[in-house]
Amino acid sequence: TESEEISQDLVHKLDVRLGHAGVDIEAFNLTDLNYAPEIAQQMLVKQQAEQLVKARQIIVKGAVDITQDAMSELQARGIRMTEDEERRMTSQLLSVICAEKKKHHQVTRQNPHQMQMMG
């Protein structure tokens, strides 16, 4: 924890400064660690931002996996698309899966060689 890290750092620094006088610092325990409100708020904002980034990374990885599986399944079922159609479908699937606001989407097939996301 942060208190443990600070305690260890203080033990080392005090030991270095007082060692020449024969003082040996064995432990230093912080029982209460408080920050000014503005610093505590900024630390909270930073922690929330870090967690949001981690969550988005998980969502994006999952979206890529789902999209790859969907495209493989379409190919396995004999649905062929041009490279442009594959790129467009991949882009649309990733956009839908990663979207912040959930909408109802459906995939429609306009002709044997063309698929499109409708939303």
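Please refer to the structure placed before this passage.
Keep in mind the model is a prediction, meaning the values are calculated, not measured.

Peer 1: Even after reading the chapter, I still don't get the overall build of the protein chain, so can you show me in this structure?
Peer 2: Within the protein chain one finds three helices and two strands. In sequence order, the protein chain lays out its α and β elements as α-α-α-β-β. Put simply, the protein chain has 119 residues, and 13% of those count as buried. As displayed, the protein chain has an accessible area near 9,600 Å², and 55% of this comes from carbon and sulfur atoms.

Peer 1: Before we go on, may I ask you to explain the environment of Leu-93 in this structure?
Peer 2: Inspection of the secondary structure puts Leu-93 in helix H3 (residues 83-98). Along the backbone, Leu-93 and Thr-67 are 26 residues apart, and their C-alpha atoms lie at a distance of 6.3 Å.

Peer 1: What should I look at first to understand the pattern of salt bridges in this one?
Peer 2: Between side chains of opposite charge, a pair can form when the charged atoms approach closely. Under the definition given, this model contains six salt bridges. Note that Glu-73 is salt-bridged to Arg-77, the shortest N-O span being 2.7 Å. Given a relative accessible area of 39%, Glu-73 falls into the partly exposed group. The class for Arg-77 is exposed, based on a relative accessible area of 64%. A salt bridge links Arg-87 to Glu-83, with the nearest nitrogen and oxygen atoms 3.7 Å apart. Taken together, the residues Arg-87 and Glu-83, both in helix H3 and four residues apart, mark about one turn of the helix.

Peer 1: Teacher, can you tell me more about the nonpolar core here?
Peer 2: Generally speaking, nonpolar side chains in soluble globular proteins are found buried as a group. If you look at the biggest cluster of nonpolar residues, it comprises six residues: Met-71, Leu-74, Ile-79, Met-81, Met-89 and Leu-93. Counting residues per element, the ones that place at least two in this core are helix H2 (37-76) and H3.

Peer 1: Looking at this structure, I do not really get H2. What am I missing?
Peer 2: Every α-helix carries 3.6 residues per turn, so stepping three or four residues along brings you back to the same face. Spanning 40 residues, H2 covers 58 Å between terminal C-alpha atoms, matching the ideal 58 Å at 1.5 Å per step. Looking at H2, one finds that the buried residues are Ala-63, Thr-67, Met-71 and Leu-74.

Peer 1: Help me understand H3, please; the structure alone is not making it clear to me.
Peer 2: In a regular helix each residue adds 1.5 Å, so 16 residues correspond to 22 Å; H3 covers 22 Å between its end C-alpha atoms and thus fits that length. Of all the residues in H3, the buried ones are Glu-85, Met-89, Leu-93 and Cys-98.

Peer 1: Could you clarify how one ought to interpret the packing of H2 against H3 in this entry?
Peer 2: Packed helices, taken two at a time, are described by the angle their axes make and the gap between the axes. Look at H2 against H3: their axes get within 9 Å of each other, and the N-to-C directions meet at 140 degrees. Regarding the angle of H2 to H3, the classification is oblique. Considering the relative orientation of H2 and H3, their crossing is right-handed. Note on element contacts: H3 touches H2 through Glu-86, Met-89, Thr-90, Leu-93, Leu-94, Ile-97 and Cys-98, opposite Arg-56, Ile-59, Val-60, Ala-63, Val-64, Ile-66, Thr-67, Ala-70, Met-71 and Gln-75. By residue class, the composition of the contact of H2 with H3 is twelve nonpolar, three polar and two charged.

What counts, and at which threshold
Residues numbered from 1 in each chain as written. Predicted model: local features only at pLDDT ≥ 70, side-chain atom pairs only at ≥ 80, totals over all residues. Heavy atoms only, no water. Helix = DSSP H or I, 4+ residues; strand = E, 2+ residues; numbered from the N terminus. Buried < 20%, exposed > 50% of the residue type's maximum accessible area, 1.4 Å probe, protein only. Areas by Shrake-Rupley, 256 points an atom, 1.4 Å probe, with all protein chains shown as cover. Salt bridge = Lys/Arg side-chain N within 4 Å of Asp/Glu carboxyl O. Core = buried A, V, L, I, M, F, W, Y, C linked by side-chain atoms within 4.5 Å. Expected span 1.5 Å × (residues − 1). Axes fitted to C-alpha atoms, helices over the stretch in contact; angles between N-to-C directions. Parallel < 35°, antiparallel > 145°, perpendicular 65-115°, else oblique. Left-handed = near helix turned anticlockwise from the far one by under 90°. Contact = heavy atoms within 4.5 Å. Nonpolar A, V, L, I, M, F, W, Y, C, P; charged D, E, K, R; others polar.

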